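Results of the structural survey
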Amino acid sequence: KGINLERTLGSNEFLILVIFSLIASHTILIISSFILYYYLYIDNLSGYNSCAIGFSAVLFSLKYVWNYISPSDGYVMGFHVPSKYVAWAELIAISIISPNASFIGHLSGILAGILYIHVFKKVISYINRN
């Protein structure tokens, strides 16, 4: 999927997407962990007291972007899922299969993908028009 996304966007925009996803997803992760731990007192879900370093949040962001621009549907655990819901279905499936996986980290990646598609790209296109 990554190579298809890069071919669709072009190498420069793909690089921008990866860098944006890395910064945005980890910023969202830190802020949401802080809020869950200090304001909602949810220690086990927040991951605030654990080390979570990885690239999976970026992969979920890329997955969201690809599924948003891809016309084809997907399958998650054998179930047909419309493309706009594939990342969400995989988030739930991974959380069920591997409960120790970082739910907040993966969710942060999806949220970074949403920010990229619905905010960042629109802001950049507006700036380029003016």
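Residues numbered from 1 in each chain as written. Predicted model: local features only at pLDDT ≥ 70, side-chain atom pairs only at ≥ 80, totals over all residues. Heavy atoms only, no water.

1. Examining the overall build of the chain
Scanning the chain for helices and strands turns up six helices and two strands. Start at the N end of the chain and walk to the C end: the helices and strands fall as α-α-α-α-β-β-α-α. Evaluated residue by residue, the chain yields a buried proportion of 34% over its 130 residues. A sequence separation of at least 24 residues applies to 62% of the contacts in the chain between residues at least 6 apart. Here the chain has roughly 8,200 Å² of accessible surface; of this, 67% comes from carbon and sulfur atoms. (Helix = DSSP H or I, 4+ residues; strand = E, 2+ residues; numbered from the N terminus. Buried < 20%, exposed > 50% of the residue type's maximum accessible area, 1.4 Å probe, protein only. Contact = heavy atoms within 4.5 Å. Areas by Shrake-Rupley, 256 points an atom, 1.4 Å probe, with all protein chains shown as cover.)

2. Describing a nonpolar patch on the surface
Taken together, the side chains of Leu15, Ile19, Leu22, Ile23, Phe55 and Leu59 present a nonpolar region at the surface, about 560 Å² in accessible area. It is helix H2 (residues 11-38) that provides the largest number of residues to the nonpolar patch, a total of four residues. Of note, Leu59 is situated in helix H4 (residues 56-69). (Patch = residues over 30% accessible without salt bridge, like charges linked within 9 Å, V, L, I, M, F, W, Y side chains within 5 Å. Salt bridge = Lys/Arg side-chain N within 4 Å of Asp/Glu carboxyl O.)

3. Overview of unusual backbone geometry
Although it is not a glycine, Met77 sits at a positive phi angle of roughly 55°. By relative accessible area, which is 56% here, Met77 ends up exposed.

4. Considering the packing of aromatic side chains
All told, the structure shown has four aromatic pairs when counted by the stated rule. Between Tyr64 and Tyr68 the ring centres are 6.3 Å apart and the planes differ by 25°, which places this aromatic pair in the stacked class. Of the two residues, Tyr64 and Tyr68 are both situated in helix H4; the distance of four residues between them amounts to about one turn of the helix. When the centroid spacing of 5.5 Å and the interplanar angle of 25° are considered together, the rings of Tyr116 and Phe120 count as stacked. Of this pair, Tyr116 and Phe120 both sit in helix H6 (residues 103-129), four residues apart, which is roughly one turn of the helix. Of the residues examined, Tyr116 reaches a relative accessible area of 2% and is grouped as buried. Members of the aromatic cluster, each reached through a chain of ring pairs, are Phe20, Tyr116 and Phe120. Taking NZ or CZ as reference, Lys63 lies 5.9 Å from the ring centre of Phe60, over its face. (Phe/Tyr/Trp six-rings, centres within 6.5 Å; stacked < 30°, edge-to-face > 60°. Lys NZ or Arg CZ within 6 Å of the ring centre and 35° of its normal.)

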